[in-house]
Amino acid sequence: MEGSTDAAIRIFLVDDHAVVRRGMRAFFSMLEDIHILAEAADGQAALDELAVLAAQNNLPDVILMDLLMPRLDGVATTTAIKHRWPHIEVGALTSFSEAERAHQALEAGAAGYLLKDAEADEVVAAVRAAHRGEVHLDPVVARKLTRSLVAPARTTTALTPREREILILLAHGKSNHDIARTLTISERTARTHVSNVLTKLGLASRTQAALWAVREGLVTQP
């Protein structure tokens, strides 16, 4: 119930799709131990609203954060939030299950990573876990992260010539947009190549890929 007691977990919804926020608000409003404090349509709007709430000494306990949003994405927003208000827990709620994205979110300080097709009960469990200071991962994402950590060492022979090009560009700190422009391919294709490179090399993030390329002598500096 929206006007719940002080003991309720106060959550902030951040998602650029109004229908998603509306659906979550409708579900959470039926729970006595969770209260919707505020919502925002992108990361920058969330930071602006949090500044207002901080001045009122009324910050949320948990933020459910979409990752792909205009103006300021979820990873950058999470990083900013954890820097300014480290006691606020952030749970990533996204459509993407790639290990790289999960690694980025967790590295930024997220206390959980859920997919948007998760059952409502699982989202509630993630909110409660975050409030307790625990990490809650979607099972599919958890398996991918585990595989990325225990994958056997690979060599560049596992990569296609195009993927090797991608790896070298990653090592030079290029974004998916930069890679797409350099190779004259779509950003979606670049993203797919990056994901394939990480999977084949058993790596969890772009940073790991850059360091791997340096270690293997493909480039002289990340």
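Residues numbered from 1 in each chain as written. Predicted model: local features only at pLDDT ≥ 70, side-chain atom pairs only at ≥ 80, totals over all residues. Heavy atoms only, no water.

Trainee: Please clarify how unusual backbone geometry should be interpreted in this entry.
Mentor: Excluding glycine, residues mostly carry a negative phi; peptide bonds, for their part, are mostly trans. Phi angles above zero are rare outside glycine, and N57 is one such case at about 55°. Among the secondary structure elements, N57 is positioned in the loop between α2 (43-55) and β3 (62-65). Taking the relative accessible area as the measure of exposure, N57 reaches 71% and is therefore exposed. Unlike most non-glycine residues, R71 shows phi in positive territory, near 65°. (Helix = DSSP H or I, 4+ residues; strand = E, 2+ residues; numbered from the N terminus. Buried < 20%, exposed > 50% of the residue type's maximum accessible area, 1.4 Å probe, protein only.)

Trainee: What am I meant to see in the sheet that holds strand β5 (residues 112-115) here?
Mentor: For sheets, the rule is that strands pair by backbone hydrogen bonds, running either parallel or antiparallel. An order of β2-β1-β3-β4-β5-β6 is seen for the 6 strands of this open sheet, with the pairing classed as parallel. Looking at which strands have only one partner, the edges of the open sheet turn out to be β2 (34-40) and β6 (136-137). Where helix α3 (residues 74-84) meets the sheet, its contacts fall on β3 and β4 (89-94), and the angle it forms with β3 comes to roughly 165°. Packing against the sheet, helix α4 (residues 99-108) makes contact with β4, β5 and β6, and its axis sits at approximately 145° to β5. (Pairing = 2+ DSSP bridges. Contact = heavy atoms within 4.5 Å. Axes fitted to C-alpha atoms, helices over the stretch in contact; angles between N-to-C directions.)

Trainee: Where do I start with helix α8 (residues 176-183) in this structure?
Mentor: For α8, the full list of buried residues reads N176, I179, A180 and L183. Down the axis, α8 shows its buried residues gathered within 100° of arc, on one side only. Here the buried face of α8 lies against α7 (161-171), α9 (187-201) and α10 (206-215). Once α8 ends, the next one or two residues include T184, with phi positive near 55°. (Arc of directions from axis to C-beta.)

Trainee: What should I look at first to understand the pattern of salt bridges in this one?
Mentor: Side chains carrying opposite charge are able to pair once their charged atoms draw close together. The full count for this structure, using the stated rule, is 12 salt bridges. Between K82 and E89 there is a salt bridge, with the nearest N and O atoms lying 3.8 Å from each other. Between E134 and R132 there is a salt bridge, and its shortest N-O distance comes to 3.0 Å. Residue E134 is classed as partly exposed on the basis of its relative accessible area of 37%. Overall, R132 belongs to the exposed group, its relative accessible area being 54%. When salt bridges with common partners are traced through the structure, they connect D15, D66 and K116 into a single cluster. (Salt bridge = Lys/Arg side-chain N within 4 Å of Asp/Glu carboxyl O.)

Trainee: Please explain the packing of aromatic side chains as it appears in this structure.
Mentor: How two aromatic rings sit relative to each other is set out by the distance from centre to centre and by the angle between their planes. The final tally for this structure, using the stated rule, is 1 aromatic pair. Plain terms: the ring middles of F27 and F28 are 5.9 Å apart, the flat faces sit at 65° to each other, and that makes the pair edge-to-face. For F28, a relative accessible area of 1% puts it in the buried group. Stacked on the ring of F96, the Lys or Arg R101 has its end atom at 4.0 Å from the ring centre. (Phe/Tyr/Trp six-rings, centres within 6.5 Å; stacked < 30°, edge-to-face > 60°. Lys NZ or Arg CZ within 6 Å of the ring centre and 35° of its normal.)

Trainee: Please explain the pairing of β4 as it appears in this structure.
Mentor: The side chains of a regular strand alternate between both faces of the sheet. Counting buried positions over the 6 residues of β4 gives 6, a clear majority of the element. By the alternation rule, side chains of β4 split into E89, G91 and L93 and V90, A92 and T94, which are all buried. Taken together, the 4 bridges between β3 and β4 define a ladder with parallel strand orientation. In the sheet register, L64 faces β4, and the bridge partner there is G91. Where the polypeptide runs from β3 across α3 and back to β4, its parallel neighbour, the crossover connection is right-handed. (Right-handed = clockwise from strand over helix to strand, strands pointing away.)

Trainee: Would you mind showing me how to read the confidence of the model for the chain here?
Mentor: Should the pLDDT be low somewhere, the predicted coordinates at that spot are not to be read in detail. Residues of the chain with pLDDT of at least 70 account for 91%, and the chain-wide mean is 86. Within the chain, no element has a lower average pLDDT than helix α6 (residues 139-150), which sits at 71, and none a higher one than α2, at 97. Low pLDDT, under 50, characterises residues 1-5; the predicted model gives this stretch 14 contacts beyond four residues in sequence or across chains. (pLDDT = per-residue confidence, 0-100.)

Trainee: Can you walk me through the nonpolar core in this structure?
Mentor: The tendency in soluble globular proteins is for nonpolar side chains to be buried as a group. Grouped together as the largest cluster of nonpolar side chains are 21 residues, with contacts concentrated most on I166, L167, I179 and L201. Those elements that place two or more of their residues in this core are α7, α8, α9 and α10. In contact with L167, not counting residues within four places along its chain, are T156, L159, V197, L201, A209, W212, A213 and L218. In terms of nonpolar packing, the next biggest core, distinct from the first, is built from 19 residues, L64, A118, V123 and A130 among them. (Core = buried A, V, L, I, M, F, W, Y, C linked by side-chain atoms within 4.5 Å.)

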